[in-house]
Amino acid sequence: MKKEDVVIELAGLPLRVKNRDNLFKQPTLDLFVLKSRKPSKRVYSFSKLSSGYPADNIYSYSRLISYAFSNLLAVNKGMLLHAAAVIRGGKAFLFFGVQGAGKSTIARLSRKYEVLGDDIIAVRKKGGHYYAFSTPWKQAPFIKPDRHAKGKISTIFFIKKSDRISFKSLQPEHALMRMLSRHIHFLIYTKRSLTEKIFFTAADFTKRIPAYEMEFEKTRDFWRELDREIIIARS
């Protein structure tokens, strides 16, 4: 590995990038850098996965790295999702929402549990199960990203702020349509061969993972009602 190169690991996938513009002095990205000079796994090339597009500043270069990881996840039964994720009782719960829908509010209301992230979450299928992984991007200050943090996904929710707490079960095809329309990062910029992989991964994901539409109050703990809904649905 060249001296100026750094290997970042996300969702168990290592990617070699150039350490330019003091990029890895950024505190969250540094947490995802492999310290070993000789990674034990195959290391993927940033230039190939990012199509070699130039980035003229540290922000756009960091975003380009996230784009490269979205492609890397696509070829490894994974996706980069626009969601918050919370680990509770050994299980991961994903909360999908567009900007302003309340992902950061969900994360704040869940601070007593392990919050993987409140905006960008990596998901990957391993051993027949889907796992959620922390990422270094767009995290609230109280969230501590960790490249080792992960949780087996139990349930997914499409959230909406309201004056009540309620849940409505979604059919897999409806959950898939919602995911594809708004909640997969860089989908419209991904080349066709990888888009097909993402589609089949998303279809398998929504077939395996129960999905709900969820309304919640921004100042009220929702976990008790969530537990009750899941218990009723699975009894």
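The model shown is predicted, which means the values in this text are computed figures rather than measured ones.

1. Remarks on helix H7 (residues 223-234)
Argument step 1. The first and last C-alpha atoms of H7 sit 16 Å apart over 12 residues, in line with the 16 Å expected at 1.5 Å per residue.
Argument step 2. Taken residue by residue, H7 has Trp223, Glu225, Leu226 and Ile230 as its buried positions. Axial view of H7: buried residues confined to an arc of 160 degrees, hence all on one face. Every exposed residue of H7 that faces more than 90 degrees away from the buried side is listed here: Arg224, Ile231 and Ile232.
Argument step 3. Elements in contact with the buried residues of H7: strand E4 (78-88), strand E5 (91-96), helix H4 (103-109), strand E9 (150-161), strand E10 (166-170) and strand E11 (211-216).

2. Regarding the pairing of strand E7 (residues 120-126)
Argument step 1. Burial within E7 is extensive, with 6 of its 7 residues counted as buried.
Argument step 2. Pairing of E4 with E7 involves 5 bridges; the strand directions are antiparallel. Note on E7: the bridge partner recorded for Leu80 is Ala122.
Argument step 3. Bridging between E7 and strand E8 (residues 129-133) involves 5 bridges; their strand directions are antiparallel.

About the cut-offs
Residues numbered from 1 in each chain as written. Predicted model: local features only at pLDDT ≥ 70, side-chain atom pairs only at ≥ 80, totals over all residues. Heavy atoms only, no water. Helix = DSSP H or I, 4+ residues; strand = E, 2+ residues; numbered from the N terminus. Expected span 1.5 Å × (residues − 1). Buried < 20%, exposed > 50% of the residue type's maximum accessible area, 1.4 Å probe, protein only. Arc of directions from axis to C-beta. Contact = heavy atoms within 4.5 Å. Pairing = 2+ DSSP bridges.

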